[in-house]
Amino acid sequence: MTKKQTWKRFLNGITAFALLSGGMGVTATSIIPLSTVYANENVSAETILKSLSDKQLAALHKLQTSEQSGMHLDPNVNLESSEVVNVIVQFHTLPAKTAVASSEKSGKTISLSEAKERVNASHHQFKKDLDALSSKNKKSTSSPITIKHSFKEAFNGVSMSLPANEIEKLLDSQTVKAIWSDVNINAAPPIEKENEKARIAINPSHGAEPLHTEGYTGEGIKVAVIDTGIDYNHPDLKDAYKGGYDFVDNDADPMETTYDEWEKSGWPEINNGSSYYTSHGTHVAGIIAGQGKNDHDYGVKGVSPGVDLYAYRVLGRYGSGMSSHIIAAIDKAVSEGMDIMNLSLGANINDPFYPTSIAINNAVLAGVTAVVAAGNSGSEMKTLGSPGTSTLALTVGANDMAVTLPTFAGGIAGNGSSTDVDLRLLGRNVSDNISLLEGKTLSIVDVDLGQSSNYVGKDVTGKAVLIARGETSFDEKIKLAKDKGAAAVLLYNNNESEGHIPYYVGETVNYIPAFSLNFEDGVSVKEQLALGEAFVTFTGLGNFTLEGGNLADFSSRGPSRVQYEIKPEVTAPGVQVLSTVPSYANGAAYIGNYDSAYQQLSGTSMASPYVAGIAALLLQQDPTLTPDDVRTILMNTADPLSKDYSVFEAGSGQVDANEALHSQIEIMVENPSVTITNGEVQEIMSKSGALNFGASLHTGKTINESRAITFKNQDKKPKTFEVTADFQVGMGGSRDANKNGVSLQVDRKIMTVPGNKEKASNISIVVPPTAEAGTYEGFVTYQNKHDKNEVYRIPFAFAVTEEGFREMKTDPKVMTSSYTFFYPYIAYQAGVRFTSKSVMETIDFVLLDGETDKELGFLGRLEASALMEDIEYYVTSVFQGSYFPYTGDPDQPISESRVKVPYGPGHYKVKMIGTNKEGKTFLMSDHVMMD
């Protein structure tokens, strides 16, 4: 399982300091006699800082955040190096359609053409500024400055490559708001763990077939699959495929990375568990748009086989690509009028303001429904990744499904005796017809654990092999049995108390029919074989249902950091889903043979396209639906999973295609949220089927958060609902609301909505000052008073956050005090890493004597109101071997000039003083050693 990760924010130190007298700068080598250091030994930094005037505060030595400086770079980027790096540059001006939508909400309407002119003007100006920089760059380095992609629709800016030491100069352009590292993005990798309780969705259109007979196939809806490309030659996809673009190779051919390309490349076939050649996008596409036209029993029909399918290849070899490719594809999806985009990919960055998340927000504001996989980094909370963190995305988790498996009442005969055993299908070849085994008899050979050594000296050709569970995987045992020529596998459980092996390992071209036996039956057959030859006869074909509806262990959980929004919003089948793959996915011997070009894969990558397919059916039924409507309807009509889960784990539950298209009720909540528009944090209204109360800091006062709900009844008849609210306890660490006095208040317990009308309602959460910090969550339930089967559940959640800092540490902890000689392995300055639990207005840094904790002087101030909780930040150059001493002069209590620490070894501490909006301070400190 992937560990929880946070996107690390890096903050830049500025060495210049403005003089109070006239604003002139002094250098870091300015020295004040040491006698001034202890002029007022008993006064603390907190006292001094509180006494400063606004003018004195303004003159303090400033440390600057990445947001303030516009730099959001990976820590490995050395801004003094000439090494070429890839970055994403964000402009101030909004994308055109986002600007129009934003202006309508603010009441200052602009036309689309005017908005486009502004976008084009920003690109023209940046190009002009860049030309000037490039001409200067040619004189100092041979490395070119190159624009790779221009973004105008979902994200206004460019991606580019340039020497690292030229990056900061981009900020000289008035067009530029921020610069981000262009980080690596991967397809959410399929899960291949045997301990997952694998099920099979025999066809990805499971649950949607009745809708197809009603004429709902997604016809006329344009769906973009932003992924590894598509094998558009696959018989089940070629008629659905309408075009696309390859952002990896920059051409109009979005074919997957092929086996032939790998053979010519000279690269390793496998890297970090992923093959050079890809199939992910084709599998995703089959779930959405498979048409089942392959002349084979296993043709795959997707959830919405009538859609117009477009492929945007953004991930190349090994299923890997760059954030800039993703943004470029989102941009193109908007410009080419896509109705839906599916992104089964992401980075382990739980940040709602990462560029890919911002681009998704803008695409949705432009009218495109964006369906995004939550990620496969479960099962801990806050494992969600970007762009699944996007406020306006429809983020999808994965659950397993119930599956009905064939069974036989097998008869074992030999040596004059016979016994009956219960056989349950464990796996099979994609071409197997299990019913043809009825009445068939096979000789049995005991091969113990089913490893290669167990087959030595044994002829198993055309026979059934008895194998004990253990040591190697089911997959390996079945494949090896096939390679040895066996006709069937009888695999018995080594867990006596478990009964049958509670898994189904699926169907591939590398399997033969494999059946599970319980421990008792397996031992019985083994004992009979010890006495001589034995045979199995397959009789009494029946079936057994393996229960489903469980959240997959691998499915990433929410909430999204900072905003504590309920994500994923829904779950969908994502365990052992059968879909299309390129022919080479089954091995070189199958290249060009599409009869068996299918695989079962698991992951939120498989769940997301299932939801995208249902969204297409909804849009075909009603093209006027907005992305907000689609998200709301799918949440309103989702079914509870088989067990209770946190709303941050499973949202509203598993989507229900049939109910989504036939429901006449829509319950939409208006949730205030924020996104980045025009380079600034701006409030937006996120409309969905969830009560996102967000997070609030405990201030010692009662918290009362309210949300507006619109109840829309599209039935001709009025409907009356009974309204109840129930808190969950212990789900994802949620607190006990009753114990803490937290309550959810509805404005009416009986809700009657007239036919073809809308009705407004309000729900509030009330949190007393005594409530403990943590999350409070549950469901508001609307049950039809006259039809108890009509039930709608609205998930709700609220977080009470703690004050102060979570952690703080100096980095590095050892530095040199000698500036005469160069020490390549010892730092000359120390920075500070920190994570806060609550928002701070300012953070001040003070130098202490490491032995006595005596304050020596001031190091700098960080304006911190824009920094987010639970994100690790790094401030560079906090301690540079010098400090601003206290003077004891009330008119100038902190010196305007630096003083060096004494030469030689020393033990110091850096103290961090956070001050919140209310003036409350929070302290942490850590050591720094000098050689």
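Numbers given for residues are sequential positions, taken from 1 along each chain in its written order. Since the coordinates come from a predicted model, pLDDT governs what is reported: local features require at least 70, and pairs of side-chain atoms require 80 or more to be given and counted, while whole-chain, interface and lining totals use all residues. Hydrogens and waters are ignored; side-chain quantities use all the structure's heavy atoms.

Peer 1: Even after reading the chapter, I still don't get the pairing of strand S35 (residues 691-697), so can you show me in this structure?
Peer 2: Each regular strand shows side chains that alternate between the opposite faces of the sheet. Burial of S35 is extensive: five of the seven residues sit out of reach of the surface. Strands are labelled as partners when DSSP assigns at least two bridges between them. The way it works is that DSSP assigns letters per residue, a run of H or I at least four long becomes a helix, a run of E at least two long becomes a strand, and they are numbered from the N terminus. Of the pairings in the sheet, the one linking S35 to strand S42 (residues 791-801) comprises five bridges and is parallel in character. Bridge pairing links Ser696 to Val800 in S42. Buried, partly exposed and exposed residues are distinguished by accessible area as a fraction of the type maximum, computed with a 1.4 Å probe on protein chains only: under 20%, between the cut-offs, and over 50%, respectively.

Peer 1: Mind showing me how you'd approach the sheet that holds strand S16 (residues 320-322) here?
Peer 2: Two modes of strand pairing occur in sheets, parallel and antiparallel, and in both the strands are linked by backbone hydrogen bonds. Pairing is antiparallel in the open sheet, where three strands are placed in the order S16-S10-S18. Where the open sheet ends on each side, the last strands, each with one partner, are S16 and strand S18 (345-346). Strand direction decides the pairing type here: strand S10 (residues 184-187) and S16, joined by three bridges, are antiparallel. Bridging across to S16, Asn184 finds its partner in Met322. Sitting on the sheet, helix H9 (residues 323-335) touches S10, S16 and S18, and the angle it makes with S16 is about 75°. Contact definition: two residues touch when any of their heavy atoms are within 4.5 Å. Note on definitions: angles span 0 to 180 degrees between N-to-C directions of axes, and those axes are lines fitted to C-alpha atoms, for helices only across the stretch in contact.

Peer 1: Would you take a moment to explain the sheet that holds S35 for this structure?
Peer 2: Ordered in space as S35-S42-S41-S37-S39, the five strands form an open sheet in which the pairing is mixed. The sheet is open, and its two edges are formed by S35 and strand S39 (750-753), each paired on a single side. For this sheet the average axis-to-axis angle between neighbouring strands, irrespective of direction, equals 20°. Note: strand S37 (residues 719-728) against strand S41 (residues 774-784), eight bridges, orientation antiparallel. Its bridge partner lying in S41, Ala725 is registered against Val780.

Peer 1: Can you walk me through the environment of Thr539 in this structure?
Peer 2: As for its position among the elements, Thr539 is in the loop between strand S28 (535-537) and strand S29 (542-546). Sequence spacing of Thr539 and Gly410 is 129 residues, and the spatial spacing of their C-alpha atoms is 5.7 Å. When residues no more than four places from it in sequence are discounted, the contact partners of Thr539 are Phe408, Ala409 and Glu438. Pairs of N or O atoms are called polar contacts if they sit within 3.5 Å, as long as, within protein, a hydrogen donor faces a hydrogen acceptor (for residues adjacent in sequence, only side-chain-to-side-chain pairs). A polar atom in the side chain of Thr539 sits 2.6 Å from the backbone oxygen of Ala409.

Peer 1: Would you mind going over the packing of helix H13 (residues 604-621) against helix H14 (residues 627-636) with me for this structure?
Peer 2: Packed helix pairs are specified by the crossing angle of their axes together with the interaxial distance, meaning the distance between the axes. Between H13 and H14, whose axes approach to 11 Å, the crossing angle comes to 115°. Regarding the angle of H13 to H14, the classification is roughly perpendicular. Once H13 is placed against H14, the crossing between them reads as right-handed. Of the residues in H14, those in contact with Val611, Ile614, Ala615, Leu618 and Leu619 of H13 are Val630, Ile633 and Leu634. Working rule for angles: under 35 degrees goes down as roughly parallel, over 145 as roughly antiparallel, 65 to 115 as roughly perpendicular, anything else as oblique. Left-handed describes a crossing in which the near helix is turned anticlockwise from the far one by less than a right angle; the clockwise case is right-handed.

Peer 1: Would you mind showing me how to read the side chain of Asp231 here?
Peer 2: Checked against the element boundaries, Asp231 lands in the loop between strand S11 (222-227) and strand S12 (241-246). Here Asp231 occupies a buried position and makes no salt bridge, while the nearest side chain of opposite charge, Lys238, is found at 10 Å. At 3.1 Å, the side chain of Asp231 forms a polar contact with the backbone nitrogen of Asn233. Not counting residues within four places of it along the chain, the set of residues in contact with Asp231 comprises Leu237, Met255, Glu256, Thr282, Pro582, Ser583 and Tyr594. In summary, the charge assignment counts Lys and Arg as positive and Asp and Glu as negative, without counting His or the chain termini. A carboxyl oxygen of Asp or Glu within 4 Å of a side-chain nitrogen of Lys or Arg is what we treat as a salt bridge.

Peer 1: Please clarify how H9 should be interpreted in this entry.
Peer 2: Relative to the 18 Å expected for 13 residues at 1.5 Å per residue, H9 spans 19 Å between its end C-alpha atoms, a close match to the ideal helical length. Of all 13 residues making up H9, eleven are buried, and the element is well covered by its neighbours. Looking at H9, one finds that the buried residues are Ser323, Ser324, His325, Ile326, Ile327, Ala328, Ala329, Ile330, Asp331, Ala333 and Val334. Backbone geometry just downstream of H9 places Gly337 in the positive-phi region, at approximately 75°. Any helix carries an expected span of 1.5 Å times its number of residues minus one.

Peer 1: When you look at the nonpolar core in this model, what are you seeing that I'm missing?
Peer 2: Nonpolar side chains tend toward joint burial in soluble globular proteins. We define a nonpolar core as any set of buried Ala, Val, Leu, Ile, Met, Phe, Trp, Tyr and Cys residues linked to one another through side-chain atoms lying within 4.5 Å. Core analysis: the biggest nonpolar cluster contains 61 residues, and Ile340, Val611 and Leu634 have the highest contact counts within it. Sorting elements by how many residues they give to this core places H13 first, with eleven residues. When sequence neighbours within four positions are dropped, the list of residues in contact with Leu634 reads Leu394, Val570, Val611, Ile614, Leu618, Val655 and Ala660. Formed by 41 residues, the second largest nonpolar core is a distinct cluster that contains Phe151, Trp180, Ala187 and Ala370.

Peer 1: For this particular structure, what's the right way to read the confidence of the model for the chain?
Peer 2: Regions with low pLDDT should not have their predicted coordinates read in detail. Looking at any residue, its pLDDT shows the predictor's confidence there, from 0 to 100. On average, residues of the chain score 86 in pLDDT, and 88% of them reach the 70 mark or higher. Every residue in residues 64-69 is under pLDDT 50, and counting partners more than four places away or in other chains gives 23 contacts. In the model, residues 193-202 has pLDDT below 50 throughout and makes 39 contacts with residues more than four positions away in sequence or in other chains.

Peer 1: Looking at this model, I keep getting lost on the environment of Leu480. Mind explaining?
Peer 2: In this structure, Leu480 sits in helix H11 (residues 474-483). For the pair Leu480 and Gln451, spaced 29 residues apart in sequence, the C-alpha to C-alpha distance is 7.6 Å. Sequence-distant contacts of Leu480, that is, excluding residues within four places in its chain, are made with Gly450, Gln451, Ser452 and Tyr455.

Peer 1: Just checking my understanding: could you explain H13 for this structure?
Peer 2: Within an α-helix, residues lying three or four positions from one another point in the same direction, as the helix has 3.6 residues per turn. Here H13 is 18 residues long and its end C-alpha atoms lie 26 Å apart, about the 26 Å a rise of 1.5 Å per residue gives. Most of H13 is tucked away, with 16 of its 18 residues classed as buried.

Peer 1: Please clarify how the packing of aromatic side chains should be interpreted in this entry.
Peer 2: How two aromatic rings sit relative to each other is given by the distance of their centres and the angle of their planes. Each Phe, Tyr or Trp ring (for Trp, its six-membered ring) is paired with any other whose centre lies within 6.5 Å, and the angle between the two planes then decides the class: stacked below 30 degrees, edge-to-face above 60, tilted in between. All chains considered together, the criterion is met by 23 aromatic pairs. Taken together, a centroid distance of 5.3 Å and an interplanar angle of 45° make the contact between Phe711 and Phe721 tilted. A residue pair is termed long-range when its members are at least 10 positions apart, and Phe711 in strand S36 (residues 703-713) and Phe721 in strand S37 qualify at ten residues. Taking the relative accessible area as the measure of exposure, Phe711 reaches 0% and is therefore buried. A residue is classified by how much of its surface remains accessible, and Phe721, at 0% relative accessible area, is buried. Centroid distance Phe805 to Phe834: 6.1 Å. Interplanar angle 85°. Geometry classified as edge-to-face. On the criterion of sequence distance, the pair formed by Phe805 in strand S43 (residues 805-811) and Phe834 in strand S45 (residues 830-836) is long-range, its members being 29 residues apart. By the burial criterion, Phe805 is buried, and Phe834 matches it. Among the aromatic residues, those joined into a ring-pair cluster are Tyr259, Trp262, Tyr277 and Tyr584. Lysine and arginine charges are scored as sitting over a ring when NZ or CZ, respectively, is within 6 Å of the ring centre and within 35 degrees of the ring normal. The lysine or arginine in question, Lys332, covers the ring of Tyr245, its NZ or CZ lying 5.3 Å from the ring centre. The positively charged end of Arg424 is found above the aromatic ring belonging to Phe544, 3.5 Å away from the centroid.

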